[in-house]
Amino acid sequence: MKIQRCLFLFAVATSATLMAEPPVPTDRVAALKALPIEAGKAVSIERITETALTAPNGAAYKNLPPRTVVKLVLNPAKGSNLRVEAWLPDPEKWNGRFLGLGNGGAAGNINPGSFAGPITEGYAVATTDMGTAPNSDSGIGNKEVWKDFGFRATHLMTVTAKQLVKAYYGKAPEYSYFNGGSTGGQQALQEAQRYPEDYDGIVANVPAHCRTPLHAYFLWNDQILRQCPFTESQEANIIAAGNEYMATREIPQTAGKLVSDPRCSKADIEAVIELARKKDTTLTDQHAEAMRKLFDGPKHSVTGERIFCGIPFGSSFKAAHGHLYLFRWVFGPDKNLAELNFGADIDTYTAALAPYLNAENADLSAFEKRGGKLLMISGSADSVVPYHASIDYYERTAEHFGSLDKVRSFLRLYLVPGMSHGPGPGINKLPNMLKLVVDWREKAAVPDVIQGQRIVNGKTEIDIPLYPYPGKTGWEASGGFKKIDGPRVGVDRISAKFIPPAAD
């Protein structure tokens, strides 16, 4: 009996040991500590087994796997201070891939919550604060911050994180991917253009790649709206007018609710203004002139060259202004930005920042030749990062490669109906776009039709197929949804003067 009892206890103990999380060998952490970091240092290397996390914004995450978290500071130049953070799952949980994450807005911080999803899926993952801590004013007069925010921080984060991966797992990642939206979309396209070897696949969601013209658009709108403000009711009626006027170009599921394709003519702008004034008699001649400028967008006050396009029909005026920190970077903290002009001042601003911040190089041949795959997503109701520049970029890329089919073999753009930068009137749920690009790169599963949904309080209000540009969703009563050929271009081309060649 004693022998049987001993065997039983041994079996239980052995079973418990097998079921427990295996410890990470100390030599893996030691390898991280011994890794030389070029122009930088590791601030902390910490093994974390807690499964729950509360982010600074209060968001709670559960069921996180054990991980090793590495925090670094990189100083590639005097005046440059980059924070980088990497999360490494235990070796047996690693999926063999590295994922770089984009930031948002003016960056300046690292959100630990952004790691939760990728680490649970087995990615080794990293991101950077882009060198703009403690706030966006860190870029005032500091060209090194301009370079960091524009391109350098993301590349150095990528290079350093891959070194961490190799030191920790004993091998480099099999594949590397980047996923970012807004500012993260700028980072995404900078990587594809400047550093094509960094990533095998990239997702650029609502990408702010046309950075300096975009912020000129913010300034243009800001100056107009300061001189001629609109009430919430007036703005709601203007949005409703846009939706109503464009309804005849919509499928039944979206007609009158949103604008799937806001490309428009000057005649369309005048018609929407007229309809808005019929809906709301408080809209004055001054409001009409303001709307005319807002919908048309900024042009150079001397040459008339196109700087950026205007606010899309059916989207928010309120969201389309502010974000003026780039002008403080160039003109200083005391400059009255309401007095900046769209002649010499815009020329000065463009010359200073555009070569570093804009990701507008249509030559993606190096990225394409190495088998890279890129998905871009833009929302038709996004007035923070409007769709125009992405269509313009896609078309310029097609011109560079000589055919749309060539570009579609590695780069696809989805214009999502009614999707905005935040809560919007249309699609608010898409498939996992990162998985789409992974399957495209690794399995040659070419993304084509995807399903877009609008879900409110658990109820699906819109559920429609979406097709990559220039395809559009059509409808016929007898057969339901169908793919149709949408128009090409349809937006004013941004003048080359405002998207000059990139500089290091």
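As a reminder, the structure under discussion sits directly above these lines.
Below is a summary of the structure that appears in this document. (Residues numbered from 1 in each chain as written. Predicted model: local features only at pLDDT ≥ 70, side-chain atom pairs only at ≥ 80, totals over all residues. Heavy atoms only, no water.)

Here the focus is the overall build of the protein chain. Helix and strand content of the protein chain: 15 helices and 15 strands. Computed over C-alpha atoms, the radius of gyration of the protein chain comes to 25 Å, within 12% of the 23 Å expected from 2.2 N^0.38 for 504 residues, which places it in the range of a compact globule. Taken over the C-alpha atoms alone, the protein chain extends approximately 95 × 60 × 45 Å along its principal axes. Burial analysis of the protein chain (504 residues in total) assigns 55% to the buried set. For the protein chain, the share of sequence-separated contacts (at least 6 apart) that also reach a separation of at least 24 residues comes to 72%. (Helix = DSSP H or I, 4+ residues; strand = E, 2+ residues; numbered from the N terminus. Rg over C-alpha atoms; globule rule 2.2 N^0.38 Å. Buried < 20%, exposed > 50% of the residue type's maximum accessible area, 1.4 Å probe, protein only. Contact = heavy atoms within 4.5 Å.)

One pass over the full model with this rule turns up 37 salt bridges. Asp 137 is the partner of Arg 328 in a salt bridge, and the nearest nitrogen-oxygen pair spans 2.9 Å. Of this pair, Arg 328 sits in helix H10 (residues 325-331) while Asp 137 is found in the loop between strand S7 (124-128) and helix H4 (143-169), placing the two residues 191 residues apart along the sequence. Since its relative accessible area comes to 23%, Arg 328 is described here as partly exposed. Glu 235 is the partner of Lys 318 in a salt bridge, and the nearest nitrogen-oxygen pair spans 3.4 Å. Taken as a pair, Lys 318 in the loop between helix H9 (285-296) and H10 and Glu 235 in helix H7 (residues 232-245) lie far apart in primary sequence, 83 residues in all. Shared partners join several salt bridges into a network, and the residues in it are Lys 266, Asp 296, Lys 299, Arg 306 and Asp 492. (Salt bridge = Lys/Arg side-chain N within 4 Å of Asp/Glu carboxyl O.)

Take the side chain of Arg 67 next. Mapped onto the fold, Arg 67 is located in strand S4 (residues 67-74). Here Arg 67 occupies a buried position and makes no salt bridge, while the nearest side chain of opposite charge, Glu 50, is found at 5.6 Å. At 2.7 Å, the side chain of Arg 67 and the backbone oxygen of Glu 50 are in polar contact. Discounting chain neighbours no more than four positions away, the residues touching Arg 67 are Glu 46, Arg 47, Ile 48, Glu 50, Trp 87, Leu 88, Pro 89, Asp 90 and Ile 119. (Lys, Arg positive; Asp, Glu negative; His and termini not counted. Polar contact = N/O pair within 3.5 Å; in protein donor to acceptor, adjacent residues only side chain to side chain.)

Grouped together as the largest cluster of nonpolar side chains are 109 residues, with contacts concentrated most on Phe 230, Phe 317, Trp 329 and Leu 374. Among the elements that make up this core, the one with the highest residue count is H4 (eleven residues). (Core = buried A, V, L, I, M, F, W, Y, C linked by side-chain atoms within 4.5 Å.)

A rise of 1.5 Å per residue sets the reference length of H7, with its 14 residues, at 20 Å; its end C-alpha atoms lie 20 Å apart and thus fit the reference within 8%. Buried residues belonging to H7 abut helix H8 (266-279) and H9. (Expected span 1.5 Å × (residues − 1).)

Across the sheet, nine strands lie side by side as S1-S4-S5-S7-S6-S8-S9-S10-S11; this open sheet has mixed pairing. Among the strands making up the open sheet, the edge pair consists of strand S1 (40-48) and strand S11 (411-416). Ignoring which end each strand starts from, the neighbouring axes of this sheet average 15° apart. As defined by bridge partners, strand S6 (residues 97-101) adjoins strand S8 (residues 175-181) across five bridges and the pair is classed as parallel. The residue bridging Arg 97 from the neighbouring strand is Tyr 175, located in S8. The strands touched by H4 within the sheet are S4, strand S5 (82-89), S6, S7 and S8, with S5 carrying the most contacts at an inclination of about 35°. (Pairing = 2+ DSSP bridges. Axes fitted to C-alpha atoms, helices over the stretch in contact; angles between N-to-C directions.)

Turning our eyes to something else, we now look at the packing of aromatic side chains. As enumerated under the stated definition, the model contains 18 aromatic pairs in all. An angle of 85° between the planes, with centres 4.9 Å apart, marks the rings of Tyr 168 and Tyr 169 as edge-to-face. Aromatic pair Phe 327 and Tyr 349: ring centres 4.2 Å apart, planes at 20°, arrangement stacked. Pair noted here: Phe 327 is in helix H10 and Tyr 349 is in helix H11 (residues 344-357), with a separation of 22 residues, a long-range link. Side by side, Phe 327 and Tyr 349 carry an identical accessibility label, which is buried. Feature note: the residues Phe 230, Phe 295, Phe 313 and Phe 317 constitute an aromatic cluster, connected by ring pairs. Note that Arg 67 overlies the ring of Trp 87, its terminal NZ or CZ placed 5.2 Å from the centroid. (Phe/Tyr/Trp six-rings, centres within 6.5 Å; stacked < 30°, edge-to-face > 60°. Lys NZ or Arg CZ within 6 Å of the ring centre and 35° of its normal.)

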